[in-house]
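Residue strings, one per chain:
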Amino acid sequence: PVPLGQAAKKSKTSCSQGLLPAPVPASVVCHEGAEPAARWAHTATALADGRVVVYGGQNDADETLGSLYVYDMITKAWQEPVNCESVPRSWHSTSYIKEQ
């Protein structure tokens, strides 16, 4: 598999291999937009609307990251929210609580 943020090919549309939340099996995923830098020890939280929020982690230089990215599984596009003040963290957890 290709680690998060490392594209299998370089072009406007990139493809990465990885695990996606059920019911999508592990597969190659092509996408639009700038993808996050390669990372590990991050969280990836699936939302009910088909988006996945990726936050924090560490890079290959062991720097702790504070970036937040959103991947839309419907449009297959990455977005980095603006004005998102974040604290660098890794080995953390997230929970999604659906609105009532």
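Calculation notes
- Residues numbered from 1 in each chain as written.
- Predicted model: local features only at pLDDT ≥ 70, side-chain atom pairs only at ≥ 80, totals over all residues.
- Heavy atoms only, no water.
- Helix = DSSP H or I, 4+ residues; strand = E, 2+ residues; numbered from the N terminus.
- Buried < 20%, exposed > 50% of the residue type's maximum accessible area, 1.4 Å probe, protein only.
- Contact = heavy atoms within 4.5 Å.
- Phe/Tyr/Trp six-rings, centres within 6.5 Å; stacked < 30°, edge-to-face > 60°.
- Pairing = 2+ DSSP bridges.
- Axes fitted to C-alpha atoms, helices over the stretch in contact; angles between N-to-C directions.
- Core = buried A, V, L, I, M, F, W, Y, C linked by side-chain atoms within 4.5 Å.
- Polar contact = N/O pair within 3.5 Å; in protein donor to acceptor, adjacent residues only side chain to side chain.

(A) Highlighting the overall build of the protein. Counting secondary structure elements, the protein contains 0 helices and 6 strands. Each helix and strand of the protein, ordered N terminal to C terminal, gives the series β-β-β-β-β-β. For the protein, with 100 residues in total, the buried portion stands at 34%. Of all intrachain contacts in the protein linking residues separated by at least 6 positions in sequence, the fraction that spans at least 24 positions is 39%.

(B) Quick peek at the packing of aromatic side chains. Taken as a whole and judged by the stated rule, the model has 3 aromatic pairs. Seen in terms of ring centroids, W40 and W91 are 5.8 Å apart; in terms of plane orientation they differ by 70 degrees. Their pairing is edge-to-face. With a gap of 51 residues between them, W40 in the loop between β2 (27-31) and β3 (43-46) and W91 in the segment after β6 (77-79) connect regions that are remote in the sequence. We classify W91 as exposed; its relative accessible area is 66%. A network of ring pairs unites the aromatic residues Y69, Y71 and W78 as a single cluster.

(C) Structural context of the sheet that holds strand β5 (residues 68-72). Strand order across the open sheet formed by 4 strands is β3-β4-β5-β6, with antiparallel pairing between neighbours. The two strands at the open ends of the sheet, each matched to only one other strand, are β3 and β6. Recorded for the sheet is a direction-independent mean angle of 20 degrees between the axes of neighbouring strands. Examined bridge by bridge, β5 and β6 share 3 bridges and lie antiparallel to one another.

(D) Inspection of the nonpolar core at higher detail. Counting residues in each nonpolar core, the largest one holds 5 residues, listed as V52, V54, Y69, Y71 and W78. Listing elements by their share of this core, those giving two or more residues are β4 (51-55) and β5.

(E) Quick peek at the side chain of H92. Here H92 lies in the segment after β6. Within the structure, H92 has its side chain in polar contact with the side chain of T43 (distance 3.2 Å). Side-chain polar atoms of H92 contact the backbone oxygen of Y55, separated by 3.3 Å. Excluding residues that lie within four positions of it along the chain, H92 makes contacts with A41, H42, T43, Y55, G56 and G57.

(F) Quick look at the environment of P36. Relative to the elements of secondary structure, P36 occurs in the loop between β2 and β3. The exposure class of P36 is buried, given its relative accessible area of 1%. As a C-alpha pair, P36 and W78 span 42 residues in sequence and 8.1 Å in three-dimensional space.

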